[in-house]
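Coordinate inspection notes
So you can see what is in the structure, the chains are spelled out below.
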Amino acid sequence: MTEFHSGFVCLVGRPNTGKSTLTNALVGTKVAITSNRPQTTRHTIRGIVHRENFQIVLVDTPGLHRPRTLLGKRLNDLVRDTYAQVDVIGLCIPADEAIGPGDRWIYDQVRAVAPKTTLVVIVTKIDKVPRERVAAQLLAVSDLVGEGAAEIVPVSATTGEQVDVLIDVLAAQLPPGPAFYPDGELTDEPEEVLMAELIREAALDGVHDELPHSLAVVIEEITPREDRSAEQGELIDVEAVLYVERDSQKGIVIGKGGARLKEVGTNARAQIEKLLGAKVYLDLRVKVAKNWQRDPKQLGRLGF
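Everything in this summary refers to the structure shown in the same document.

A word on helix α3 (residues 101-113). Taking 1.5 Å per residue, 13 residues should reach 18 Å; α3 reaches 18 Å between its end C-alpha atoms and fits that length. Of the positions making up α3, those classed as buried are Asp103, Trp105, Ile106, Tyr107, Gln109 and Val110.

This next bit is on the sheet that holds strand β8 (residues 235-244). Strand pairing within a sheet occurs via backbone hydrogen bonds; the two strands may be parallel or antiparallel. Taken in spatial order, the three strands line up as β7-β8-β9 in an open sheet, and their pairing is mixed. Edge strands, defined here as strands with exactly one partner in the open sheet, are β7 (216-224) and β9 (279-288). Direction aside, neighbouring strands of the sheet carry axes that sit 20° apart on average. Relative to β9, β8 runs parallel, the two sharing 10 bridges. The residue bridging leucine 242 from the neighbouring strand is valine 286, located in β9. In this fold helix α9 (residues 259-276) packs onto β8 and β9, with an angle of close to 135° to the strand it touches most, β9.

Looking now at the packing of helix α1 (residues 19-27) against helix α5 (residues 163-172). What describes two packed helices is the angle between their axes and the distance between those same axes. Closest axis-to-axis distance for the α1/α5 pair is 10 Å, and the angle between their directions is 85°. Overall, the two elements α1 and α5 adopt an arrangement that is roughly perpendicular. Contact residues: Leu22, Ala25 and Leu26 in α1; Val163, Leu166 and Ile167 in α5. Among the residues making up the contact of α1 with α5, the classes are represented as six nonpolar, no polar and no charged.

Here the phi dihedral of lysine 125 falls at roughly 60°; this positive angle occurs in a residue that is not glycine. Along the chain, lysine 125 turns up in the loop between β5 (118-124) and α4 (131-145). Taking the relative accessible area as the measure of exposure, lysine 125 reaches 18% and is therefore buried. Positive phi is not limited to glycine here, since glutamine 162 has a value of about 70°. Of note, glutamine 162 is situated in the loop between β6 (151-154) and α5. We classify glutamine 162 as partly exposed; its relative accessible area is 29%.

This part takes up the pairing of β6. Here β5 runs beside β6; their pairing, made up of four bridges, is parallel. Looking across to β6, one finds that valine 120 is bridged to glutamate 151. Regarding topology, α4 serves as the crossover connection from β5 to the parallel β6, and that connection is right-handed.

Turning our eyes to something else, we now look at the side chain of serine 142. Examined against the element boundaries, serine 142 turns out to sit in helix α4. Leaving out residues up to four positions away in the same chain, serine 142 has contacts with Glu147 and Ile152.

Attention now goes to the nonpolar core. Counting residues in each nonpolar core, the largest one holds 29 residues, and the members touching the most others are Val12, Tyr83, Ile89 and Leu119. Looking at this core, the elements with two or more residues in it are β1 (5-12), β3 (54-60), β4 (88-94), α3, β5 and α4. Contacts of isoleucine 89, omitting those with residues within four sequence positions, involve Cys10, Val12, Tyr83, Val110, Ala114, Thr117, Thr118, Leu119 and Val120. Core analysis: the second largest hydrophobic core is formed by 25 residues, Ala196, Ile199, Val217 and Leu282 among them.

Rules used throughout
Residues take numbers from 1 onward in each chain, read along the sequence in its written order. Per-residue local features are limited, in this predicted model, to residues with pLDDT of at least 70; the limit for side-chain atom pairs, both in listing and counting, is 80 or more; totals at the level of whole chains, interfaces and linings are taken over all residues. Processing note: side-chain calculations cover all non-hydrogen atoms of the structure and skip hydrogens and water entirely. The helix and strand labels rest on DSSP assignments: H or I over at least four residues marks a helix, E over at least two residues marks a strand, and numbering proceeds from the N terminus. Under the convention used throughout, the expected extent of a helix is 1.5 Å for every residue step, that is, one less than its residue count. Only protein chains enter the calculation, and the probe is 1.4 Å; a residue is then buried if its accessible area is under 20% of its type maximum, exposed if over 50%, and partly exposed in between. Whether two strands pair depends on DSSP finding at least two bridges between them. All axes here are fitted lines through C-alpha atoms, helices being fitted over the stretch that makes contact, and every angle between N-to-C directions spans 0 to 180 degrees. Should any heavy atoms of two residues lie within 4.5 Å, those residues are counted as being in contact. Angle categories: roughly parallel below 35 degrees, roughly antiparallel above 145, roughly perpendicular from 65 to 115, and oblique for all the rest. Under the scheme applied here, ten amino acids are nonpolar (Ala, Val, Leu, Ile, Met, Phe, Trp, Tyr, Cys and Pro), four are charged (Asp, Glu, Lys and Arg), and all others, including Gly, are polar. If the strands point away from the viewer and the path from the first strand over the helix to the second runs clockwise, then the crossover is right-handed. Here, the term nonpolar core denotes a set of buried Ala, Val, Leu, Ile, Met, Phe, Trp, Tyr and Cys residues that are joined through side-chain atoms within 4.5 Å.

Below is the structure:
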């Protein structure tokens, strides 16, 4: 009988290196929200990869960055705490961008905070560039971390290329131990956190201004409707508030005649119904909480 291995893997990298998309590809379903905007992930969302003889628990942290606000500092502290407690750190570096000071800074931070933790470098987005460009990036990564200092795995989360190879490489680094989660469980995040993230993702989609950092979503209430017949099926009322920092941002989220907010509601509701396995009535409101990112009281209230 093969010995069972289990452990925690943390995906790190500067914002927008494909960490959330990769988490979803490894788990095989959508658990981390994805967006082509930096700083999308705010919670430590764990995805769980189950196999017959191992279990990988993925910890997807916010991107490490040089903090400019109190929120930024709290996110960085969260990331550093995570580094010190995992078995493997997967450093994500995209194939389609040259290695820059941001990547070097994060590599140095990882090595300073967790010098003994096993490092695997994951070159993401290999579907976006020709083969020779991938090869050049693999050499550049090898220069960054030192030859032979870490396993380097090129991967495309979008097409699935090399995802199984990466899973095997990560699993090989895990210590022997029992499964942390029952088979079939994919994430340990409470449903309301996932719901808030899905609404936030829908609200950020296609908005090209200062919104990402300034948008927080709070689920106010979740109530199953009573007196529903078996034919009608279950219906759940979800009330959520989208908080922004300025009136101008409120206008952007709501859109002309409320059209944008309606679209956000439609898109988020479809995802939430998949998550809950039930019909959902989603009630969204937008409120201004002036400069919430710099105010400790408001940060606490919004869950940071």
